[in-house]
Amino acid sequence: MGDLTGKVALVTGASRGIGAATAKRLARDGARVAVHYCGNEQGAQQTVAAIKEAGGTAFTLRADFAQPGATESLWNAYDRKADGVDIIVNNAGIALPKPITETSEEEVRLLFQVNAEAPYFLIRHGLSRLRDHGRIINLSSVAASVALPFELAYSMTKATMDIFTKTLAWDRAIAGRHITVNAVRPSLVDTDMAAYLVHVPQRLEWATSQAAVQAAAQPEEMAAVVAFLASDDARFITGHILDATGGTGLGPTGL
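Notes on the structure in this doc start here. What you see is a predicted model, and the numbers here were worked out from it, not measured in a lab.

Observations regarding the pattern of salt bridges
Stage number 1. For the coordinates displayed, the defined rule picks out seven salt bridges.
Stage number 2. Across the salt bridge formed by Arg129 and Asp79, the nearest N and O atoms sit 2.7 Å from each other. In this pair, Arg129 is assigned in the loop between helix H4 (105-126) and strand E5 (130-139) and Asp79 in helix H3 (residues 70-79), connecting sequence segments 50 residues apart.
Stage number 3. Overall, the relative accessible area of 18% leaves Arg129 in the buried class.

In structure tokens form, the structure reads like this:
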């Protein structure tokens, strides 16, 4: 994989799951990593400690994306610890495994605020800090491409991230600076967010049966895909939603 020595990366939601694995992987590849968290300070500190123990460098940043102005405040705090950024990974997100009949207006608004609005404004306020030849990598979901009625609102936020990725890649103010914009589309990953599937045998059996690779992915496997998109090897890939679902929804069973 490409060498990220001298690069600085910001990974949102890096206190656990895919975010923590991504922060560790980018640090392993040589980047200095800003580890963002909201409420899980202990997890964020553990991510930083693991990075430092492995010989890397990292620091934490706290921001609650449910609050107005959170992304701008995050960048102001970032400026006190680093000068410029090369890689932005929009990973932070929340789930809402409920059908439409059981969701409230407040829940849906919060979901869009954290999963869609925060990434938008993180980039909006971060572009002046993002260096030429930089990388923007968003976390999508298989929920954006197949019908999952029990995750409808969540699916809508991830579909928003897909069009955000494709359209942002075509912005001349970004593409003209050779900044690439891509997304990674996971399916079932063994994280706390997916515990309601992974840790219930019947649900896990159903979920894994929908993929060609009939298993839950590990966070490190998704982090490897992010690391590829962050590397020089991916310098001519942009506006792409990279499928890392293990073939979910592509076979005869469907979803």
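Considering empty space enclosed by the protein
Stage number 1. Considering all chains together, one arrives at one cavity of 30 Å³ or more under this definition.
Stage number 2. If you add up the space inside the largest cavity, you get close to 30 Å³.
Stage number 3. Along its surface, the largest cavity is lined by Thr12, Phe65, Asn90, Asn91, Ala92, Val114, Ala118, Pro119 and Leu122.
Stage number 4. No other element matches the four residues that H4 contributes to the lining of the largest cavity.
Stage number 5. For the lining of the largest cavity, the class distribution of residues is six nonpolar, three polar and no charged.

Notes on the layout of surface pockets
Stage number 1. Each pocket or cavity is described by its volume, and for the second largest pocket that value is around 320 Å³.
Stage number 2. Contributing to the lining of the second largest pocket are 19 residues, with Arg135, His178, Ile179, Thr180 and Arg235 lying nearest its centre.
Stage number 3. Of all the secondary structure elements, the ones that give two or more residues to the lining of the second largest pocket are strand E4 (85-90) and E5.
Stage number 4. A total of three residues in the lining of the second largest pocket trace back to one element, the largest contributor, which is E5.
Stage number 5. Along the lines of polarity and charge, the residues of the lining of the second largest pocket split into eight nonpolar, five polar and six charged.

A few points about the packing of helix H1 (residues 17-28) against helix H2 (residues 41-53)
Two numbers describe a pair of packed helices, the interaxial angle and the distance between the axes.
Stage number 1. Two elements in contact, H1 and H2, have axes separated by 10 Å at closest approach and are oriented at 25 degrees. With respect to their mutual orientation, H1 and H2 come out roughly parallel. Crossing angle aside, the handedness with which H1 passes H2 is right-handed. For the pair H1 and H2, contact is made by Ala20, Ala23, Lys24 and Ala27 and by Thr47, Ala50 and Ile51, respectively.
Stage number 2. Here the residues of the contact of H1 with H2 are counted per class, giving five nonpolar, one polar and one charged.

Remarks on the sheet that holds strand E7 (residues 240-244)
Each strand in a sheet pairs with its neighbour through backbone hydrogen bonds, running either in the same direction (parallel) or in the opposite one (antiparallel).
Stage number 1. Reading across from one edge, E3-E2-E1-E4-E5-E6-E7 is the order of the seven strands in this open sheet, with parallel pairing throughout. The sheet terminates laterally at strand E3 (57-62) and E7, the two strands that pair on one side only. Each adjacent strand pair in this sheet contributes to an overall mean axis angle of 20 degrees, direction not counted.
Stage number 2. When strand E6 (residues 180-186) meets E7, the two strands line up parallel, connected through five bridges. Residue Ala183 lies in a different strand from E7, and its bridge partner there is Ile241.
Stage number 3. Most of the contacts of H1 go to strand E1 (residues 8-11), to which it runs at about 175 degrees, and overall it touches E1, strand E2 (32-37), E4, E5 and E6.

Criteria and thresholds
- Note on numbering: residues in each chain are counted from 1, in written sequence order.
- Under the rules for a predicted model, residues below a pLDDT of 70 receive no local features and side-chain atom pairs below 80 are neither given nor counted, while totals for whole chains, interfaces and linings still include all residues.
- Only hydrogens and water are removed before side-chain values are computed, so all heavy atoms of the structure are retained for them.
- We define a salt bridge as a contact between a side-chain nitrogen of Lys or Arg and a carboxyl oxygen of Asp or Glu at a distance within 4 Å.
- Secondary structure elements follow DSSP: runs of H or I of four or more residues count as helices, runs of E of two or more count as strands, with numbering from the N terminus.
- Buried residues are those whose accessible area, probed at 1.4 Å on protein chains only, stays under 20% of the maximum for their type, while exposed residues exceed 50% and partly exposed ones sit between those limits.
- Both cavities and pockets are sets of points on a 1 Å grid over the protein atoms alone; in a cavity a 1.4 Å probe fits but cannot get out, in a pocket the set is open with protein on both sides within 12 Å along at least five of seven lines, and lining residues sit with an atom within 4 Å of a point.
- Grid points are joined across faces, edges and corners, and a volume is the space filled by probe spheres set on the points.
- When residues are sorted by character, Ala, Val, Leu, Ile, Met, Phe, Trp, Tyr, Cys and Pro go into the nonpolar class, Asp, Glu, Lys and Arg into the charged class, and all the rest, Gly among them, into the polar class.
- The axes used here are C-alpha line fits, helices contributing only the stretch in contact, and every angle between their N-to-C directions lies in the interval 0 to 180 degrees.
- For classification purposes, an angle smaller than 35 degrees is called roughly parallel, one larger than 145 roughly antiparallel, one from 65 to 115 roughly perpendicular, and anything else oblique.
- Less than a right angle of anticlockwise turn of the near helix away from the far helix marks a crossing as left-handed, whereas a clockwise turn marks it as right-handed.
- Contacts between residues were defined by any pair of non-hydrogen atoms, one from each residue, lying within 4.5 Å.
- Any two strands are treated as partners once DSSP identifies two or more bridges connecting them.

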